[in-house]
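Topology and contacts: notes
Take a look at the letters that make up each chain.
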Amino acid sequence: LAGRRRPAPTAAMHTLVGLVVVAAMAAVVAVVAAARGGEWVPRVVKNATARETMALFGARRGALGTRVLTFVGYSGAEYNDRRALHALLARVLDAHDARTTVVNAGATPEGIGAVYELARKRGFRTSGVVSTQALKYGGTPWARHCDFVVFVHDAAWGGRDSATGRLTPTSRAMLGVSDELVGIGGGAVGRDEMLAAFDDYGLPLRWFAADMNHTLAAAKARRKGLPPPTADALRGAAHVVLAERVCGDANNGTLRDACGVCGGHVRADHC
């Protein structure tokens, strides 16, 4: 009718539009995966919400019949013993079937991102979920061997928002797409994600103690005019909380039935 005003959009209408957009994104990914015989198409998605990220992974997971194994740990802080890290990553990967498992991490190549190359060499498909904060550094902020990357729109890198106590969008997306977590060391973001994975999401979790890179940590402290990091600080923020949830010595790799967290230093002969 000419001249008739359109009704103002309601909250329900906005929600419906959002759901349609998510469904459309998921459908496109499913069609592309099917067109390539079930192979993941290397792709980068930027500024996705946590819900959109889960829809994208859901479409791919459904098309390929896979589970998502997510690795959490240090990134820019790196690891003090990369050789031991690689040995542990290899051992964990070798216990999973590359035909039915997608290896997921934080997309960036540093630190725990070493899992990508090891996974690709074993025939795993790989993916990454990372905050849009990574885009501020320019270049290509994702690992070379990461097939599919989603940048989640987030004002933080992840973890819990100090004001609300809720996980930020990146961490909600990371846990929302995962079927199982493996933690190796880890800072504050990793700590928050691992605790939430077990306590709030009911995800299987294995955790291994590991020091961040001592040299890099000392250099960072000097730049800030701070004293050298203590032995406890070098173990990372995750260690303070997770080590307490392991029976006895964190080096013995035993399980506590009450929490199911596996402890052990980053050495192939543990856990």
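Side note on the packing of aromatic side chains
Counted by the stated rule, this structure contains three aromatic pairs. Ring centres 5.9 Å apart and planes at 65 degrees place the aromatic pair W142 and F151 in the edge-to-face group. Since its relative accessible area comes to 0%, F151 is described here as buried.

Section: the nonpolar core
One finds F71, L89, L93 and I184 to be the most contacted residues of the largest nonpolar core, which totals 33 residues. Looking at this core, the elements with two or more residues in it are β2 (67-73), α3 (82-94), β3 (101-105), α4 (115-121), β5 (148-152) and β6 (180-184). The greatest single-element share of this core, amounting to five residues, is contributed by α3. In terms of nonpolar packing, the next biggest core, distinct from the first, is built from 15 residues, M194, A197, W207 and A209 among them.

Focus on the sheet that holds strand β7 (residues 205-208)
Remark on secondary structure: sheet strands pair via backbone hydrogen bonds, oriented parallel or antiparallel. Within the open sheet, the seven strands sit side by side as β1-β5-β4-β3-β2-β6-β7. Their pairing is parallel. If you trace the sheet from one side to the other, it starts and ends with β1 (43-48) and β7, each paired once. The sheet shows a mean angle of 20 degrees between the axes of neighbouring strands, direction not considered. Looking at chain direction, strand β4 (residues 125-131) and β5 are connected through five bridges and run parallel. Opposite S127, over in β5, you have F148 as the bridge partner. On the sheet, α3 packs against β2, β3, β6 and β7 and is oriented at approximately 165 degrees with respect to β6. Each of β2, β6 and β7 touches helix α6 (residues 188-199); the most contacted strand, β6, lies at about 145 degrees to it.

Side note on the pattern of salt bridges
All chains considered together, the criterion is met by eight salt bridges. In this structure, D147 and R120 form a salt bridge, with 2.8 Å as the shortest nitrogen-oxygen distance. Of the two residues, D147 is situated in the loop between β4 and β5 and R120 in helix α4; the sequence distance between them amounts to 27 residues. Overall, the relative accessible area of 36% leaves R120 in the partly exposed class. Here R235 ties to D232 by a salt bridge, and the two come within 2.5 Å at their closest N and O atoms. Residue classification places R235 among the partly exposed positions, given a relative accessible area of 30%. You can call D232 exposed: its relative accessible area is 52%.

Considerations on α6
Its twelve residues place the ends of α6 16 Å apart at the C-alpha level, agreeing with the 16 Å of an ideal helix rising 1.5 Å per residue. Residues of α6 that are buried: G190, D192, E193, M194, L195, A196 and A197.

Regarding the side chain of T66
On the secondary structure map, T66 appears in the loop between α2 (50-64) and β2. On the basis of relative accessible area, T66 is assigned to the buried category, the value being 5%. Excluding anything up to four places from it in sequence, T66 contacts R61, R99, T100, T101, V102 and R125.

What counts and how
Residues numbered from 1 in each chain as written. Predicted model: local features only at pLDDT ≥ 70, side-chain atom pairs only at ≥ 80, totals over all residues. Heavy atoms only, no water. Phe/Tyr/Trp six-rings, centres within 6.5 Å; stacked < 30°, edge-to-face > 60°. Buried < 20%, exposed > 50% of the residue type's maximum accessible area, 1.4 Å probe, protein only. Core = buried A, V, L, I, M, F, W, Y, C linked by side-chain atoms within 4.5 Å. Helix = DSSP H or I, 4+ residues; strand = E, 2+ residues; numbered from the N terminus. Pairing = 2+ DSSP bridges. Axes fitted to C-alpha atoms, helices over the stretch in contact; angles between N-to-C directions. Contact = heavy atoms within 4.5 Å. Salt bridge = Lys/Arg side-chain N within 4 Å of Asp/Glu carboxyl O. Expected span 1.5 Å × (residues − 1).

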